[in-house]
Structures are given as C-alpha cells and as structure tokens.
Amino acid sequence: MKDKNKGRKIYKTKETNTYQKSVSSKIFSAGLTVLFLGGVVFIGYSSADQLMHLKKKKGDSEKFSSIVMEYSSDDSSELDVGVINNPEATAMEFRCVGLTADDLKSELALETAVNRITANTEAEYIMVPLKTSGGNVNYNTTNKRAQLSGAVTSQLGLNEICFAIRTAGYKPVANISLLSDNVYPQTYPESSYKTVDDGSRWIDNSVENGGKPWISPYTEECKKYISLLVNEISSADFEYIVCSDIVFPEFREGDLELLDDALSDPERYLVLTSLMNTVYSDAMKKSCPAMLEVSAVDIAEGRAEVLQPMLLSISTLIVDINTDELAAGVEVDGMPYDFIGAPDEKVKKILALICDKIDGFNVVIRVSGKGVEAGDELKIKEAINGYGFKSYSVG
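This structure is a prediction, so every number in the text was calculated from the model and none was measured. (Residues numbered from 1 in each chain as written. Predicted model: local features only at pLDDT ≥ 70, side-chain atom pairs only at ≥ 80, totals over all residues. Heavy atoms only, no water.)

## Regarding the sheet that holds strand β2 (residues 125-131)
Here is the rule we go by: The pairing criterion for strands is at least two bridges between them, as found by DSSP. By the criteria applied, helices consist of DSSP H or I runs no shorter than four residues and strands consist of E runs no shorter than two, each listed in order from the N terminus. For helices, the fitted axis covers only the stretch in contact; all axes are lines through C-alpha atoms, and the angles between them, taken along N-to-C directions, range from 0 to 180 degrees. Whether two residues are in contact is decided by their heavy atoms: any pair within 4.5 Å suffices.
On the basis of which strands lie adjacent, the closed barrel formed by 8 strands has the order β1-β2-β3-β4-β5-β6-β9-β10 and parallel pairing. Averaged over all pairs of adjacent strands, the angle between their axes in this sheet comes to 25°, without regard to strand direction. Pairing of strand β4 (residues 240-244) with strand β5 (residues 290-295), which is carried by 3 bridges, proceeds in the parallel orientation. Paired with Ile 241 across the two strands is Ala 290, which belongs to β5. Its contacts with the sheet place helix α9 (residues 269-285) against β4 and β5, and it is angled at close to 150° to β5.

This is how it looks when you write it as structure tokens:
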C-alpha cells in the first residue's frame, strides 16, 4: 500500500502569553475545567459499561448463562475461564443422561427408560433424541413434509415426552441432528447437494455401495425444514435444544469437482455458523436456549468447521465424545492415537488432546456410544472432573 502524502510540515514557534487574566476570566476558566473533567469521567464510565456488555451474548437468558465450565480452585490461574453471561446468576452444574431412539417408540418404552434412569443417577436433565443422525424424526411431528418423507418413527407427541420426564422429576432437553440427513432429500431433492453439470442429486457413494444424498445448508428447502422443526420443538416444554451434526459430508476431491465452487471455498464454514445462529435466534424467541454439539474427534482432527467462536451467537458448547468414533482411532498432527479400555479411560485420553481447543465456551462434556451405559456415569464424572469440567451428559 502506498504511503499517504502528508504534505509539507509547517513549523510554528511557541509564543508566551504575557497578559494577566481577570478574576472573571479565571472563574470562567475554572468552570470549563470542571466541565471537561466531568465529561472525561462520563465518557470513561460509558465506555467501560459498553465494554462489559460486549462480553454478554445478545439474547442469552439467565438460565442459559448459568450453565458454565468450571475449573478446579486448586490453581488460582485456572479460575478465570469460560464466560458467565449473567454474573448475577448462580452458576450450576449441568448433569444430564440421554435416552435412545428406541426409548421413544411407545409410551411404555419411554416410561421404562425413564424409570431405568431414575434407579442410579445424579443427573437433573434427560436428553431426548428427537431427530437423529441419518434423518429420522423420533416424535409425531405436525410437519407434513417430514411425514411424507418417511422420516417419522414415533407416534409420541412432544407434550407426552416432556410430561413423562417432568413427572419423574427431571427436566427435558431436546437433541436434533441438523445436517446428517439422508431421508428428507430422497423425497425432496431440492433440499440436497446438486452436481453442477446436470443438476442431479449428489450421493456420497455409488448406488451399488449404498450411496445416499445429503441435505444441504445452501438450499432454501433445507433451511425451511430445519426452521419448522426447531420452532415446533422449542415451543414445547423443553429446557434447551441441543443442535448436533452441523457438518458437511466427507467430500472427496472428485466430488468437489462435480459440485458448486462454494464447497471448495476455505470460508465455507460461514454457511454452518449462519445456520446455527439462525437456529439460536429462533429458539431464543421461544425462551428455549440452543446449544451447539460438536464431535470431539472432529475437534481433535481439525474438522470442526462450525466451531468459530467469533462468529457464533451461542455460548455453551457440548463436546460429544462418541466411543464408537474413537474405536477407529484419532490422528492429530500426523500422530495416530488408539483408544482402548473403559469409557472413562477413553474420556481422559481424548480430553488431553482437545482441552486447549475448546477454550472460550461454557463446556458440557457428553459421552455417548454403544458401549456407554447409565452405570458409567459416576466414573465418567470423575474423569471429566480431573480436567476441570463439571458439566456432563451421558448417553
């Protein structure tokens, strides 16, 4: 960049004022000084107030900001972490256990699952998988397009689900998978990724190998579908709504050559953060704060594209440590890591790899997978406590 032309420098001589001020002039001068100092104090106070408010996420409610990441008080240097959006709110621990899609098949299955959880838990919340990876909707939605797509797997209503959980003494939390959806685009191709040459649906593998289409956040049909589901769920009696699978498919180089150039753009993450912020805004209008869930493996391997702290409206991050994902191993900066042993041992190992990458959020550690059971809760709690985290979800 060219230097600006500053022009010719003009030198001035300093002249000494030799005349005497009158009494009235002195009084007037003193008055101006007082006004000046008062203005400085006012501006300083206003600026400080504005700076303090910048730390608060717009729209966060008191209950949302109270779920915080807490660190051990053994080392005072570790106390000042996480953002508490409402300093007047009393910090609390988020302790949660999760149901499965099978637990929502019927009223009896739900009641049995809730009673099973009640037997031995310190949890206060129960998380319900209302839309799971793959695209199934596990409740009786009023969304006609979801019904026509064949996504609906349960006849339980949202009010029935919330009532059963609250009757048992717990608070319901909704979990929805946003973009890992292969069901909806089968019926509504306008919601899917399209090839540039002929506009056909892109699938993630050959037809012979079970290739499937994916819902695309670039399409209006996708945004509308997600918005309708979020508004329906957040209008029910859920405390929070957890949004997972805000991801792109694992495109190969050959796939990217067939698809829109936007998918090769290094800033493609903007469409993911925009989607999450829209969900957050819609949910907050119904007083149902939204949280973002991200895979621990994606964080470790640098694939968590949606995790852009400066762009996201959310303040609470759920880190999902899925033991099924860990079974395949994790590669960090070219170094492979294997995960064997009990769930709590795997938790300790992956947290050691990602702790420094999740700073700046209120963090809840979720441990899920086929090998994770409610009986593992206490050991998992101890494992995450060892890394300074107090909030957790199991299942």
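What follows picks up the thread again.
## Concerning the packing of aromatic side chains
The cut-off we apply is this: Aromatic contacts are taken between Phe, Tyr and Trp rings whose centres are within 6.5 Å, Trp giving its six-membered ring; a plane angle under 30 degrees counts as stacked, one over 60 as edge-to-face, and the others as tilted. The rule is simple: take the accessible area with a 1.4 Å probe, protein chains only, and divide by the maximum for that residue type; under 20% is buried, over 50% is exposed, in between is partly exposed.
Taken as a whole and judged by the stated rule, the model has 9 aromatic pairs. Their ring planes at 80° and their centres at 6.1 Å tell us that Phe 94 and Tyr 240 sit as a pair that is edge-to-face. Of this pair, Phe 94 sits in the loop between α2 (62-65) and β1 (95-98) while Tyr 240 sits in strand β4, and the two are 146 residues apart along the sequence. Exposure remark for Tyr 240: the relative accessible area of 1% places this residue in the buried category.

## A closer look at a negative patch on the surface
What counts, and what does not: Without a salt bridge and with relative accessible area above 30%, a residue can belong to a patch; like charges are then joined within 9 Å and nonpolar side chains (Val, Leu, Ile, Met, Phe, Trp, Tyr) within 5 Å. Surface exposure here means Shrake-Rupley accessible area, sampled with a 1.4 Å probe, where a residue is shielded only by the protein chains that are shown. Only one rule defines a salt bridge in this text: a Lys or Arg side-chain nitrogen within 4 Å of an Asp or Glu carboxyl oxygen. Two residue types count as positive, namely Lys and Arg, and two as negative, namely Asp and Glu; His and chain ends fall outside the count. Charge placement uses NZ in Lys and CZ in Arg. For Asp and Glu, CG and CD serve respectively.
Together, Asp 260, Asp 261, Asp 265 and Glu 267 line one region of the surface with negative charge. Tracing the chain through its elements places Glu 267 in the loop between α8 (253-258) and α9. The partly exposed category is assigned to Glu 267, whose relative accessible area is 46%.

## Describing unusual backbone geometry
In the Ramachandran plot, Ser 287 falls in the positive-phi region, its phi being about 60° despite a non-glycine side chain. Mapped onto the secondary structure, Ser 287 falls in the loop between α9 and β5. Ser 287 gets classed as exposed once you look at its relative accessible area, which sits at 52%. A positive phi angle, close to 50°, is found at Asp 333, a residue other than glycine. Tracing the sequence through the fold places Asp 333 in the loop between β7 (330-332) and β8 (335-337). Relative accessible area serves as the criterion here: at 81%, Asp 333 is assigned to the exposed category.

## As for the state of the cysteines
Heads up, the condition is: Two cysteine sulfurs form what is called a disulfide whenever their separation falls within 2.5 Å.
Applying the stated criterion across every chain yields a total of 0 disulfides. Counting only cysteine sulfurs, Cys 288 is the nearest neighbor of Cys 243, a cysteine outside any disulfide, at a range of 9.1 Å. Accessibility expressed as a relative area gives 0% for Cys 243, which makes it buried. Free of any disulfide, Cys 288 has its nearest cysteine sulfur in Cys 162, 8.9 Å distant.

## Quick word on the pattern of salt bridges
Counted by the stated rule, this structure contains 16 salt bridges. A salt bridge links Arg 95 to Glu 93; its shortest N-O distance comes to 3.8 Å. Residue classification places Arg 95 among the partly exposed residues on the basis of a relative accessible area of 22%. Where Lys 223 meets Glu 220, a salt bridge forms, and the shortest distance between an N and an O atom there is 3.4 Å.

## Here's the deal with the environment of Asn 362
With respect to the helices and strands, Asn 362 occurs in strand β9 (residues 362-368). A residue is classified by how much of its surface remains accessible, and Asn 362, at 1% relative accessible area, is buried. It is 9.9 Å that separates the C-alpha atoms of Asn 362 and Met 291, two residues lying 71 residues apart in sequence.

## Side note on the nonpolar core
Under the convention used in this document: By nonpolar core is meant a set of buried Ala, Val, Leu, Ile, Met, Phe, Trp, Tyr and Cys residues that side-chain atoms within 4.5 Å join together.
Counting 94 residues, the largest nonpolar core has Leu 130, Phe 238, Leu 292 and Ile 350 as the members making the most contacts within it. Ranked by residues supplied to this core, first place goes to α9 with 8 residues. Those residues in contact with Leu 130, other than ones at most four positions away along the chain, are Asn 136, Val 137, Asn 138, Tyr 139, Leu 158, Ile 161, Ala 174, Asn 175, Ile 176, Ile 233 and Phe 238.

## Details of helix α3 (residues 107-118)
Condition: For a helix, the expected span equals 1.5 Å multiplied by the residue count minus one. What the arc covers is the set of directions going from the helix axis to the C-beta atoms.
Its 12 residues place the ends of α3 17 Å apart at the C-alpha level, agreeing with the 16 Å of an ideal helix rising 1.5 Å per residue. Those residues of α3 that sit buried are Leu 110, Ala 113, Val 114 and Ile 117. With its buried residues spanning 95° around the axis, α3 presents them on a single face. Where α3 is buried, its residues contact β1, β2 and α5 (158-167).

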